[in-house]
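Chains, contacts and geometry: an overview
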Amino acid sequence: MQTRVESTPLSPAAIPASTATPADTPSSEGTQFSVLGGISVAHMLNDMIQSLILAIYPILKHDFQLNFAQVGLITLTYQLTASMLQPLVGMVTDKRPMPYSLPVGMGFTLCGLLLLAVAPDFTILLLAAGLVGIGSSVFHPESSRVARMASGGRHGLAQSLFQVGGNVGSALGPLLAAWIIVRNGRGSVAWFSLVALLAIVVLLQVGRWYSRHHVAHSHSASKHLGVMALSRNQIIGALTILGLLIFSKYFYLASLSSYYTFYLIHKFGVSVQGAQVHLFVFLFAVAAGSLIGGPVGDRIGRKWVIWVSILGVAPFTLLLPHANLMWTGVLTVIIGLVLSSAFSAILVYAQELIPGRVGMISGMFFGLAFGMGGIGAAVLGGLADVHGIEYVYRLCAYLPLMGLITVFLPNLERPVRGH
C-alpha cells in the first residue's frame, strides 16, 4: 500500500511547496502497458536513428578524412545539443505539459537524418548532428514523463521498459548500418527517414493519450512511494553523487559506443562490417541489461541496483584491455548487461528525491548522460590521437571503481513488494 510522506524541497524558489503534478500520479487504471509499449517503440526508432551516426563513423572518417578528435567532436555536438536543452525542456513542460511536442521533436531528428545523408563538408555534418541532438532534447524528458504517468506506481518497471526500447534501437543501428549503409554508401542514410516518419505516427497516438490522461487527472490527489524526509543538503549531496555515477558510467560507455569498432579493427584486424556486428552484440547486451534494473529496484531498493551495476562491472573492465578477440566479445557482453541496469534505477531514485519535478529531473539526468557521453567521446578521441586507441581502454578500465561512492547515498525508498 502506498502512503504519502512529506519531502523537504530544495528551496522555496526552486521547488514550490505544492502537490505533485498529474504526471506523477499513478493511473487508477493500473499500469498502461499499451502506452508503455508505444513509447518504448518510439524510443527504439528514435535511438536507432541516432545510433546510425555512431555506426557509420568509419565511413565518415574515410569520406571526410577525419582524425579521432574530429570524430569525437561529432559526438560532442550531438550530445551537448541534447544535454543543454533537455533540462530546459523538462522545466517548461513541468509547468505546461505539451503532449504533441513529441512528434515535433522527432521532426528535428528527421531533418538531421536527411542532412547527414547529403552533407558536403564537416561543418554541415556537425549541423546534422546538432539537429538530431535537438530532437533528443525534446523527446527524452517528455517520454520519460509519459512512462511515469502510465506506470500505475511501478515506476522502475516503466522506466526500464522505456529504456529497453532505446537500447534495442541503439543496438539495431550498427547492424542496419552494416547491412545497408556500408554496402550502399552514406546517401542510403536517407532511407531511414521512413523510420522517422513511422515514429512520428506512433508519437501522435501517444500524444493523444497523454493529452486525455492529463486532463482526466488534472485534479487527482498526488501519490508517491514512501520515502524518507531529507534535508536540502542531503538532497543536493545525493544528486551530486548520482551525477558522479552518471559521469563514470557514460564516460566508460563512450569508449565502447564511439571507439569499439576502431579498437577491434586496430587490435585484431577485424573488418568494418565485422566490427559493427560486434558493436551490435554489445549494444544488444546493453538493451537486455536495461530491462533488469528498474523492476529489481522496485523490489529491493534502487541503491542496491546502482551499487551492483556500476561497481560490480569493474573486474570485467579491468580485464578487457588484456583479452583476446573471443574474450573481448564475452567481456563486453557482461559489461553491457551489468552496467546498463544502473540508469533506470538512478533516474527513478532522483525523481523520488524531488517529487513533482519529473520533467526537470528527467531532462537533467538524460541531459547529463548525453553530455558526459559527448565530452567523453571528445576527450577520449583526443587521447586516442596522441596515445593510441588501446591506451584509452586501459585508462577507462578504472572508471567503474567510482561506484564505491554509492555507499554515501541515503537509503531513500522502502521496497515495494506488492506488484
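Everything in this summary refers to the structure shown in the same document.

Of regular secondary structure, the protein chain possesses 15 helices and 0 strands. When the 419 residues of the protein chain are sorted by exposure, 61% land in the buried category. At a minimum sequence separation of 6, the contacts of the protein chain that also span at least 24 residues come to 86%. Put simply, the protein chain shows about 15900 Å² of open surface, and 69% of that area lies on carbon and sulfur atoms.

Membership of the largest hydrophobic core comes to 117 residues, with the highest contact counts inside it found for Ile74, Leu242, Tyr259, Ile346, Phe365 and Tyr393. The leading source of residues in this core is helix H8 (residues 232-268), at 18 residues. In this view, Ile74 contacts Ile53, Tyr57, Leu60, Leu66, Phe122, Leu125, Leu126 and Ala129; residues no more than four positions away in its chain are not counted.

On to the side chain of Arg186. Looking at the secondary structure, you find Arg186 in the loop between helix H6 (155-184) and helix H7 (193-216). Overall, the relative accessible area of 16% leaves Arg186 in the buried class. Polar side-chain contacts of Arg186 include one of 2.9 Å to the backbone oxygen of Leu116. Leaving out residues up to four positions away in the same chain, Arg186 has contacts with Leu60, Asp63, Phe64, Leu116, Ala117, Val118, Ala119 and Ile181.

Taken as a whole, this structure holds 5 salt bridges when the rule is applied. Note that Glu352 and Arg302 form a salt bridge whose closest N and O atoms lie 3.5 Å from each other. Of the two residues, Glu352 sits in helix H13 (residues 342-353) while Arg302 sits in helix H10 (residues 302-311), which places them 50 residues apart along the sequence. Judged on exposure class, the residue Glu352 and its partner Arg302 are both buried. Through salt bridges with shared partners, a single network forms among Asp94, Glu142 and Arg145.

This part is about the environment of Leu337. Its place among the elements puts Leu337 in helix H12 (residues 325-339). Between the C-alpha atom of Leu337 and that of Ser309, which follows or precedes it by 28 residues, the distance is 8.7 Å. Residue contacts for Leu337: discarding those within four places in its chain leaves Ala285, Ala288 and Gly289.

In this section: H6. An ideal rise of 1.5 Å per residue puts 44 Å on 30 residues; H6 measures up with 42 Å between its terminal C-alpha atoms. Of all the bends in H6, the greatest, near 45 degrees, is centred on Ala177. With 22 of 30 residues buried, H6 lies mostly within the body of the structure. Looking one or two places after H6, you find Gly185, whose phi comes out positive at around 95 degrees.

Scanning all chains against the criterion turns up 4 cavities of 30 Å³ or more. Of the volumes computed, that of the largest cavity is approximately 680 Å³. Of all the secondary structure elements, the ones that give two or more residues to the lining of the largest cavity are helix H1 (33-55), helix H3 (68-95), H6, H8, helix H9 (272-300) and helix H14 (358-387). Of the residues assigned to the lining of the largest cavity, the class counts are 17 nonpolar, 15 polar and 2 charged.

The next point concerns the side chain of Ser188. Along the chain, the position of Ser188 falls in the loop between H6 and H7. Taking relative accessible area as the criterion, Ser188 reaches 6% and is therefore assigned buried. Excluding residues within four positions of it along the chain, Ser188 makes contact with Ile180 and Ile181.

The rules behind each value
Residues numbered from 1 in each chain as written. Predicted model: local features only at pLDDT ≥ 70, side-chain atom pairs only at ≥ 80, totals over all residues. Heavy atoms only, no water. Helix = DSSP H or I, 4+ residues; strand = E, 2+ residues; numbered from the N terminus. Buried < 20%, exposed > 50% of the residue type's maximum accessible area, 1.4 Å probe, protein only. Contact = heavy atoms within 4.5 Å. Areas by Shrake-Rupley, 256 points an atom, 1.4 Å probe, with all protein chains shown as cover. Core = buried A, V, L, I, M, F, W, Y, C linked by side-chain atoms within 4.5 Å. Polar contact = N/O pair within 3.5 Å; in protein donor to acceptor, adjacent residues only side chain to side chain. Salt bridge = Lys/Arg side-chain N within 4 Å of Asp/Glu carboxyl O. Expected span 1.5 Å × (residues − 1). Bend = angle between axes of the 7 residues up to and from the residue. 1 Å grid on protein atoms, 1.4 Å probe; cavity = no way out; pocket = protein on both sides within 12 Å on 5 of 7 lines; lining within 4 Å. Points joined across faces, edges and corners; volume = space filled by probe spheres on them. Nonpolar A, V, L, I, M, F, W, Y, C, P; charged D, E, K, R; others polar.

Remember that the coordinates give geometry; whether it matters functionally is a separate question.
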